[in-house]
Amino acid sequence: MIDGGTERELSATIAQLVQRLKGSHLHSQLERRAKDCLHQPEIKLESLKEDVRHFLRVSGWEKKLHNAVYREMHVQPPLSLLPTPPEHRKEPLLYMRSAQASWERRVLKSLSSMSSELGVPLARKRPAAEQKELANKWNEMSTDEPDLSQFRPVYAPKDFLEVLIGLRNPNHDHSEQVSTRSHWGLIQLPLSVRDCGSDVLGLNVRSYCGSDVLGLNVRSYYVFESQHVEVGKKVVLDQDSAAAQQYSRQGCPMGLRADLWALILNATNQAQDMMHYEQLKAGVIQHDMLVDNLIYKDVKLTASNDDYYFVFEDFLYQVLMCFSRDTAILEHFMYNSASPPRSFIQGGGRGVIPFHGFSMYVAPLCFLYNSPSELYSVFREMYVRYFFRLHSVSSSPSGIVSLCLQFERLLQAHLPQLFYHLRQIGAQPLRIAFRWMVRAFSGYLSTDQLLLLWDRLLAYDSLEILAVLAAAVFAFRSDNLMEVTSLASAEAVLADLSTLKVMPLIQIFLFASAA
C-alpha cells in the first residue's frame, strides 16, 4: 500500500516529468508516430488506447520514452512538495549562493578586463572571407597558430580552491573547542558527507576490468569475461538506459563502452542531433568570440602537450567551440548553483566560461567517439550531469566542496599521522589533490585507467569515487610522503600517477580502512 504522502509525491513527480518532456523533440516525435499509426488496419476504434500503446511499445518508442524519463530523474533535483523558490532549488544554503555569486562576478570581471585591455570584443561577426576560411579548415584547426601570448586563462583550479578554503557558515561555531580534528583540513564547513565504504561504490561486486578482478584464476576470469560481454551486447541491443547503468556496475567491456556510456546518458546521435551540431558549427563559423581564444589557449597548454591526447586537437576545438554557443546547456542552470552571466550571454556566450584544464573534460571521450556530433552529444550530457559540479560552489553531495571535505575526512580518519605530518610541513593534502578532483583525474591517469574510473562514475551516478581515489593515492605513497619536508617535495612524490591501477588501488585502500 502507498500512503497518502507518498502518493501525492509520486503524482507531483509524474506531473513535473510530463511538463518537462512536453516541449521536447521526443514529445513531438511520439505525437507524430501515434497519429501515423491510426491509419494502420490493426488499430481498432474500440481499443484505440491499448492499440496505440502496443504500437509504440513494439516500434521502440516506449523504450525511448523510458530512457528520457530516466535521464530527467537523474539530472533534475528531487521534487519538493512544498513551494520552493527557484534560487533554493539551485542551492538551498544562502552562504553558498552568495559565495558562488561573488566568484562569478570575479570571473566575469577578469573576462571583461581582458576584453578591454586587448581590445577584443566578447563577440563579433566574422567577415565573409574569414567565414569561408574557417569553414574550409574546420577539420584542420590545429594547423592554425593564432597569437595567444596576450591571452591568459580566466582562472586556474588553485584560484578556485582559495575560494573554497575561505567558505564559512555564519551560523556555525568555529571555535577550537568544537572539534580539534575538524580544523586539520582546509575545508571548514559543517557539511555531512558519506563514509564511502566498498558497498557504497559497489567494490564488493565482482567486476570485469582485467586487473580489477580479484580472487579469480585465469580460466575463471576468461569465462566471466566472455559471459559478461555477451550480456553487454544484449543490453546495448535492448537500448534500456537503466539496464545499461546496472550492467556497468560490473564493468564496461572496451568494445561496448562507447555504446553503454551513450545509453546511460541517453545521449543520442540521431538526425536531429546531427542537425543541432551543424547549427552550432555554423554559429562558430559566423561569429568569433573571445572565449574561442581561451579555448585555443587551454588546448595548447594541456591536451596538445599530453602524450595521450595531442592527436585529438581538432576534435577538441570543434566540440568546445560548439559547446560555448549551445543554448541547450542553459537548462542546467535551473539546478546548478551557478548562473549564466548576463553580459556574457549578450556577447554570444552560453554561460560556461572555460578555465585552465577545461578541455580535459572532453579529451578522454575522443578515444570512444570518432563522430564529432556523437562526441559532442556525450560530452554535453557528461557536463550537465557531472562536470559542472566540479567548478561550482554548492552543498551538493557530489559537488566539489563535499568532495574536498570527504577527501580530507578520509585521510584524517584512516591516515591521521600522514595528514598531521603533511599539515605540519605546510603541505596540506588538499592543495595537491584538488587539481586531480577538479579535472576528474583527466590528464593525470593513463587513459585506460581513467576510463575505468569514469565507468564507475557513470554506473553509480556519483562523483564521490574521485575523493576516495585521491585518498587512496596518498595511502599508496604514504611511506614516501612521511619522509618529505616541504610542499614541493610532496608534490614531487605525487607528480606521476600514470602507472597507477585505479580499481585495485581503491579496493586495497577501502579494505585496509575497514580492517
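Residues numbered from 1 in each chain as written. Predicted model: local features only at pLDDT ≥ 70, side-chain atom pairs only at ≥ 80, totals over all residues. Heavy atoms only, no water.

Looking at an unreviewed UniProt entry, one finds the protein chain named TBC1 domain family, member 19 and attributed to Gadus morhua.

**Student:** Summarise the overall build of the protein chain; cite the residues concerned and give the values.
**Tutor:** Counting its secondary structure elements, the protein chain contains 24 helices and two strands. A separation of at least 24 residues holds for 76% of the contacts in the protein chain among residues at least 6 apart in sequence. Of the roughly 24200 Å² of accessible surface on the protein chain, 54% is carried by carbon and sulfur atoms. (Helix = DSSP H or I, 4+ residues; strand = E, 2+ residues; numbered from the N terminus. Contact = heavy atoms within 4.5 Å. Areas by Shrake-Rupley, 256 points an atom, 1.4 Å probe, with all protein chains shown as cover.)

**Student:** Describe the nonpolar core, with residues and values.
**Tutor:** Core analysis: the biggest nonpolar cluster contains 143 residues, and Phe379 and Phe474 have the highest contact counts within it. Of all the elements, helix α21 (residues 464–476) adds the most residues to this core, at 10 residues. In this structure Phe379 touches Val319, Leu320, Phe323, Phe358, Tyr361, Val362, Leu365 and Phe387, once residues within four positions along its chain are discounted. Within the second largest apolar cluster, eight residues are counted, among which are Leu21, Phe55, Leu56 and Ala68. (Core = buried A, V, L, I, M, F, W, Y, C linked by side-chain atoms within 4.5 Å. Buried < 20%, exposed > 50% of the residue type's maximum accessible area, 1.4 Å probe, protein only.)

**Student:** Could you give me a rundown of the packing of aromatic side chains, with the residues and numbers involved?
**Tutor:** Tallied over the full model, the rule gives 25 aromatic pairs. Ring plane angle 10° and centroid distance 4.5 Å describe the contact between Tyr361 and Phe387, whose orientation is recorded as stacked. Of this pair, Tyr361 sits in the loop between α15 (342–346) and α16 (372–385) while Phe387 sits in the loop between α16 and α17 (400–414); the two residues are 26 residues apart in sequence, bridging distant segments of the chain. Phe387 shares its class with Tyr361; the two are buried. (Phe/Tyr/Trp six-rings, centres within 6.5 Å; stacked < 30°, edge-to-face > 60°.)

**Student:** Describe the environment of Ser226, and please don't skip the residues or the numbers.
**Tutor:** For Ser226, the location among the structural elements is in helix α9 (residues 218–238). Note on Ser226: relative accessible area 43%, which makes it partly exposed. A C-alpha to C-alpha distance of 9.9 Å links Ser226 and Pro253, two positions 27 residues apart in sequence.

**Student:** An account of the environment of Met289 is needed here, citing residue identities and associated values.
**Tutor:** Residue placement: Met289 occurs in strand β2 (residues 287–289). Between the C-alpha atom of Met289 and that of Pro121, which follows or precedes it by 168 residues, the distance is 7.4 Å.

**Student:** Could you give me a rundown of the packing of helix α12 (residues 271–286) against helix α14 (residues 313–323), with the residues and numbers involved?
**Tutor:** Two numbers describe how α12 lies on α14: the axes approach to 9 Å, and their chain directions differ by 90°. Judged on the interaxial angle alone, α14 and α12 are roughly perpendicular. Between α12, through Tyr277, Leu280, Lys281 and Val284, and α14, the contact on the second element is made entirely by Gln318, Met321 and Cys322. Counted by class, the contact of α12 with α14 contains five nonpolar, one polar and one charged residues. (Axes fitted to C-alpha atoms, helices over the stretch in contact; angles between N-to-C directions. Parallel < 35°, antiparallel > 145°, perpendicular 65-115°, else oblique. Nonpolar A, V, L, I, M, F, W, Y, C, P; charged D, E, K, R; others polar.)

**Student:** Lay out the pattern of salt bridges in plain terms, naming residues and giving numbers.
**Tutor:** Tallied over the entire structure, the rule returns 16 salt bridges. As a salt-bridge pair, Lys137 and Glu133 come within 3.9 Å of each other at their nearest N and O atoms. You can call Glu133 partly exposed: its relative accessible area is 46%. Between Asp144 and Lys137 there is a salt bridge, and its shortest N-O distance comes to 3.2 Å. Of the residues examined, Asp144 reaches a relative accessible area of 25% and is grouped as partly exposed. The network of salt bridges with common partners includes Arg124, Arg126, Glu130, Asp288, Asp292 and Arg325. (Salt bridge = Lys/Arg side-chain N within 4 Å of Asp/Glu carboxyl O.)

**Student:** Which residues make up the side chain of Arg439, and what values go with them?
**Tutor:** Summarising the element assignment, Arg439 is placed in the loop between α19 (429–438) and α20 (447–459). Summary of buried charges: Arg439 has no salt-bridge partner, and the nearest side chain of opposite charge, Asp306, is 6.0 Å away. With residues near it in sequence (within four places) discarded, Arg439 still touches Thr302, Gly357, Met360, Tyr361, Tyr444 and Trp454. (Lys, Arg positive; Asp, Glu negative; His and termini not counted.)

**Student:** Report on helix α2 (residues 25–37), specifying residues and quantitative values.
**Tutor:** When the terminal C-alpha atoms of α2 are compared, their 19 Å separation across 13 residues agrees well with the 18 Å that a helix rising 1.5 Å per residue should span. Where α2 is concerned, the buried positions are Leu26, Gln29, Leu30, Ala34 and Cys37. Taken down its axis, α2 places every buried residue within 135° of arc, on the same side. (Expected span 1.5 Å × (residues − 1). Arc of directions from axis to C-beta.)

**Student:** Any details on unusual backbone geometry? Residues and values, ideally.
**Tutor:** Across residues other than glycine, the phi torsion is negative in most instances, and most of the peptide bonds are trans. With phi around 55°, Gln239 is a residue other than glycine that occupies positive phi space. Its location among the elements puts Gln239 in the loop between α9 and α10 (241–247). We note that Ala440 has phi near 55°; this positive angle belongs to a residue other than glycine. Secondary-structure assignment places Ala440 in the loop between α19 and α20.

**Student:** Tell me about the confidence of the model for the protein chain, and please be specific about residues and values.
**Tutor:** Looking at the protein chain, pLDDT values average 85 and 85% of them are 70 or higher. Within the model, pLDDT remains below 50 along residues 210–214, and this stretch shows 12 contacts once partners closer than five positions in the same chain are excluded. (pLDDT = per-residue confidence, 0-100.)

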